[in-house]
Amino acid sequence: MTSCATTPSTLPFSPLRCVSPFHPTRFLNSPFPRPSISQRGFSCHVAVSSDISSSVTSEEEAEAAAKIGKKVRVTVPLKVYHVMKIPDLDLCGLEGAIKQYVAIWKGKRITANLPFKVEFLIPVEGQDKPVKVLAHLREDEFEYVD
């Protein structure tokens, strides 16, 4: 057990409370001043440029643009739970259309784990219009339908 009992003459702060050695108030009445930011060696740098060449990104963007709008069929067992009208929806075997490729954003590549946004129209009994369901998929989770 740690004890905070010390004599008031040895501490530069109040003896009634225990101050952590990492707390910023330990420097308030200390004979040793708090070092400035430049003395502590703290610096902040922002990455402005991307190290990916624009030609690779533009080629990938062109390939993705060709895939948008194509019909696909889900080939793996895949359940989604974000649709309120259809809980525990299994997408395996359903057909939809690719709406967006999200791995390129504002001309730069981002790390999207599930880069294809696919829209499914699922008929629900008791409703006139089918429910639109959007799901993000990898390319190995679906096949293209001609």
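See the structure above.
Quantities reported herein were computed from a predicted structural model and do not represent experimental measurements.

Q: Quick question: what am I supposed to make of the nonpolar core here?
A: In terms of nonpolar packing, the biggest core is built from 22 residues, with Ile86, Leu89, Leu91, Val118, Phe120 and Val133 touching the most fellow members. Those elements giving two or more residues to this core turn out to be β1 (71–74), β4 (95–101), β7 (116–122) and β8 (131–137). Among residues more than four places away in sequence, those in contact with Leu89 are Leu78, Lys79, Val80, Val83, Leu94, Ile122 and Val133.

Q: Quick question: what am I supposed to make of the pairing of β8 here?
A: Remember that side chains alternate between the two faces of the sheet whenever the strand is regular. Residues Val131, Val133, Ala135 and Leu137 of β8 are buried on one face, while the alternating residues Lys132, Leu134 and His136, pointing to the opposite face, are not. Across 7 bridges, the pairing between β7 and β8 is antiparallel. Counterpart to Lys117 in the pairing with β8 is His136.

Q: Sorry if this is basic, but what is going on with the sheet that holds β8 here?
A: Picture the strands of a sheet paired through backbone hydrogen bonds; they go either parallel or antiparallel. Taken together, the 5 strands give an open sheet; going across it, the order is β8-β7-β4-β1-β9, and neighbouring strands pair in antiparallel fashion. The strands lining the two open edges of the sheet, one partner per strand, are β8 and β9 (142–144). Each adjacent strand pair in this sheet contributes to an overall mean axis angle of 40 degrees, direction not counted. Sheet topology places β4 next to β7; 4 bridges connect them, and they run antiparallel. Looking at β7, one finds that Gln100 is bridged to Lys117.

What counts and what doesn't
Residues numbered from 1 in each chain as written. Predicted model: local features only at pLDDT ≥ 70, side-chain atom pairs only at ≥ 80, totals over all residues. Heavy atoms only, no water. Core = buried A, V, L, I, M, F, W, Y, C linked by side-chain atoms within 4.5 Å. Buried < 20%, exposed > 50% of the residue type's maximum accessible area, 1.4 Å probe, protein only. Helix = DSSP H or I, 4+ residues; strand = E, 2+ residues; numbered from the N terminus. Contact = heavy atoms within 4.5 Å. Pairing = 2+ DSSP bridges. Axes fitted to C-alpha atoms, helices over the stretch in contact; angles between N-to-C directions.

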